[in-house]
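These are the residues of each chain, in order.
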Amino acid sequence: MKGRNMTRWRDPSKDPRQEPKSQLITAEGHARLKGILDHLSRVKRPELSTKVGEAAALGDRSENADYTYNKKELNRVIARIRYLTKRLDELQVVDRLPADTGKVYFGAFVTLEDEQGEELEIRIVGHDETRSDLRWISVDAPLAKALIGKSLDDEATVAAPAGQTTYVITAIQYRTPKPS
């Protein structure tokens, strides 16, 4: 057993990493993932294949750092291509507004006010397109689950590390995000 990458056993029914992720994605997020897949398939993989071939031609592979590094990188890129291909087939693109834009649903920009009066704007997106710098949270996140279906001026209570936090919904918008 020595030398193997082993982790401790976790009960799948209690492990939060085993929870099913939603299959929803915005049209922008889907286009971004397709762009990444296209770049990896058409640019990165051929480039790394060439580098591996050139390094292999130099001779002894066991002491060839270029070969080892590029081979590992190529395997990582191939695994990412395989994952993205499978994931894109599973995803359901949400490309239209909900029937009731006065309530919080997938794709909404929601402005919240906490108990101290501080405002926070978030967007509810799919698992594959979360971005903390833009405050885009997954539809599977506890805050998003608490907000789904709520209207303007409704309260949502969420368990946080410091205790329960209550937010009031001050604005709900559906718009195209600013390019970044």
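Residues numbered from 1 in each chain as written. Predicted model: local features only at pLDDT ≥ 70, side-chain atom pairs only at ≥ 80, totals over all residues. Heavy atoms only, no water.

Asks: Would you take a moment to explain the sheet that holds strand β3 (residues 109-113) for this structure?
Replies: The pairing of strands in a sheet comes from backbone hydrogen bonds and takes either a parallel or an antiparallel form. Read from one edge to the other, the open sheet built from five strands follows the order β5-β4-β3-β7-β6, with strand pairing classed as mixed. Looking at the sheet topology across the chains shown, the edges are occupied by β5 (136-138) and β6 (155-160). When the angles between neighbouring strand axes are averaged without regard to direction, this sheet yields 45 degrees. (Pairing = 2+ DSSP bridges. Helix = DSSP H or I, 4+ residues; strand = E, 2+ residues; numbered from the N terminus. Axes fitted to C-alpha atoms, helices over the stretch in contact; angles between N-to-C directions.)

Asks: How do you make sense of helix α2 (residues 65-90) when you look at a structure like this?
Replies: Quick reminder: α-helices carry 3.6 residues per turn. Residues three or four places apart thus point the same way. Compared with the 38 Å implied by 1.5 Å per residue over 26 residues, the 38 Å span of α2 between its first and last C-alpha is a close match. All of the buried residues along α2 are Tyr67, Asn70, Glu73, Leu74, Val77, Ile81, Leu84, Arg87 and Leu88. In the core, the buried residues of α2 are packed alongside α1 (27-56). A distance of 3.2 Å separates the backbone nitrogen of Asp66 from a side-chain oxygen at the start of α2, and that oxygen is part of Asn64. (Expected span 1.5 Å × (residues − 1). Buried < 20%, exposed > 50% of the residue type's maximum accessible area, 1.4 Å probe, protein only. Contact = heavy atoms within 4.5 Å. Polar contact = N/O pair within 3.5 Å; in protein donor to acceptor, adjacent residues only side chain to side chain.)

Asks: Help me understand unusual backbone geometry in this model?
Replies: A positive phi angle, close to 60 degrees, is found at Arg135, a residue other than glycine. Secondary-structure assignment places Arg135 in the loop between β4 (119-125) and β5. Arg135 gets classed as partly exposed once you look at its relative accessible area, which sits at 45%. You will see that Asp153, though not glycine, has its phi angle at about 70 degrees, which is positive. By secondary structure assignment, the location of Asp153 is in the loop between α3 (142-147) and β6. Look at Asp153 and you get exposed, because its relative accessible area is 58%.

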